[in-house]
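Structural features, examined
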Amino acid sequence: MKQELAAIYCRLSVEDREKEQTESESIRNQRALLLGFAAERGWLVYDIYADEDYSGLREDRPEFQRMLQDAERGRFSVILCKTQSRFTRNAVTAERYLHEKFPLWGIRFVTAVDHVDTAFRANKKARQINSLVNEWYSEELSENIRAVFRRKMEEGKFLGNYAPYGYEKDPSDRHHLVADPETAPVVKQIYGLYLSGLSCKMVAERLTEWAIPTPSQVKKSRGQDLGRKDCRKWSAGTVRRILRNPVYLGHMVQGKEEKISFKEKKVQELPKERWFVVENTHEPLVERAIFEETGRMLERGRKHFPIEEVRGGNLK
């Protein structure tokens, strides 16, 4: 009898990692369990595929896609996972592969813990019920996480991965912003240059000429946002966004967009009445009079008043 050739698939999501001591330990435990399971059945292991920090709802997992490509090419006859949810938490994805593509490719899908085995048609309904339960779990988890985020936004807690340019996360409270000694003076300088009569484009050119690092360069120098290409020149758009951002008044504005579905990464913009706005949550970098006059000038698209005339009220 021909010996089965198996592919082992392991997955760890961010939520799973929070429950484990380390992500590598969890993947290592899955791998050990599945290697033992395969050895007991006399299966040879073709390869081990493992995705870390990926939700089971997503299909763009790198190792998941590599495994599917190898499956379609007939490089093994069995896919072995710890549970069906390690393979996917999306009911549509499970149906597509377990009951449509895998039979066409001659692939048998087996799990070690919840006893899924597509070689037996009798448990097809159980597999489909598993798919729905896994998806419902993901939806409920997504709603719970969203509720926690909403509560934190209502309290004015900063939830971004990286602090806005001009600020840094408070070392003692990552949900609180404090002025960044390196970039806060640049923000103030941007407002001053614009109010002195320079356009956003001219301000950007001046900052580039002075070799002031752009926001993306600052992030890269600090080991943040390494997946994006850093921009070496200031742009008018970047300057305009800084001039319009109420975070520099000391206010927290969050919840401007939300995911269309817990299954999708795509987001939609929300109307202003649904934003979470909490005032005076952190140290302002500009005075209110300056911010408001800057806003009026941006709306007009022309500059009429030098900064000395705007400073009169000295309001905060």
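The structure reproduced in this document is the subject of the present report. (Residues numbered from 1 in each chain as written. Predicted model: local features only at pLDDT ≥ 70, side-chain atom pairs only at ≥ 80, totals over all residues. Heavy atoms only, no water.)

**Topic: helix 8 (residues 200-209)**
Turning to helix 8, its buried residues are Cys 200, Val 203, Ala 204 and Leu 207. Down the axis of helix 8, the sector holding all buried residues measures 100°, keeping them to one side. Residues Lys 201 and Glu 209 are exposed on helix 8 and point more than 90 degrees away from its buried face. Buried residues in helix 8 make contact with helix 7 (184-195), helix 10 (236-244) and helix 11 (288-300). Just past helix 8, the residue Ala 211 takes up positive phi, approximately 60°. (Buried < 20%, exposed > 50% of the residue type's maximum accessible area, 1.4 Å probe, protein only. Helix = DSSP H or I, 4+ residues; strand = E, 2+ residues; numbered from the N terminus. Arc of directions from axis to C-beta. Contact = heavy atoms within 4.5 Å.)

**Regarding the nonpolar core**
Counting residues in hydrophobic clusters, the biggest one holds 34 residues, and the most contacted among them are Tyr 165, Ile 190, Tyr 191, Leu 207, Trp 234, Val 239 and Tyr 248. For this core, the secondary structure elements donating two or more residues are helix 7, helix 8, helix 10 and helix 11. Looking at which element gives the most residues to this core, the answer is helix 7, with eight residues. Setting aside its immediate chain neighbours within four residues, Tyr 248 contacts Tyr 165, Tyr 167, Val 187, Tyr 191, Ile 242, Pro 284, Leu 285 and Val 286. In this structure, Phe 64, Ile 79, Phe 102 and Val 116 belong to the second largest nonpolar core, which totals 17 residues. (Core = buried A, V, L, I, M, F, W, Y, C linked by side-chain atoms within 4.5 Å.)

**A word on the environment of Lys 256**
Residue position: Lys 256 is located in the loop between strand 7 (252-254) and strand 8 (257-259). Along the chain, Lys 256 and Glu 269 lie 13 residues apart, while their C-alpha atoms are 6.0 Å from each other. Apart from residues lying up to four places away in sequence, Lys 256 is in contact with Gln 268, Glu 269, Leu 270 and Trp 275.

**Some remarks on the side chain of Asp 117**
In this structure, Asp 117 sits in the loop between strand 4 (108-111) and helix 6 (124-154). Among the residues examined, Asp 117 registers a relative accessible area of 10% and is labelled buried. A polar contact of 2.6 Å, which involves the side chain of Asp 117, links it to the side chain of Arg 108. (Polar contact = N/O pair within 3.5 Å; in protein donor to acceptor, adjacent residues only side chain to side chain.)

**Details of unusual backbone geometry**
In this structure, Asp 53 takes a positive phi of about 65° despite not being glycine. Residue Asp 53 is classed as partly exposed on the basis of its relative accessible area of 29%. The phi angle at His 115 is positive, at roughly 60°, despite the residue not being glycine. Within the secondary structure, His 115 sits in the loop between strand 4 and helix 6.

**Digging into the sheet that holds strand 3 (residues 78-81)**
One open sheet accounts for four strands, arranged 2-1-3-4; its pairing is parallel. Only two strands of the sheet have a single neighbouring strand rather than two, namely strand 2 (44-52) and strand 4. Strand-to-strand twist of the sheet, defined as the mean angle between neighbouring strand axes without regard to direction, takes the value 20°. On top of the sheet, helix 3 (residues 62-72) reaches strand 1 (5-12), strand 2 and strand 3; it is set at about 150° to strand 2, its chief contact. (Pairing = 2+ DSSP bridges. Axes fitted to C-alpha atoms, helices over the stretch in contact; angles between N-to-C directions.)

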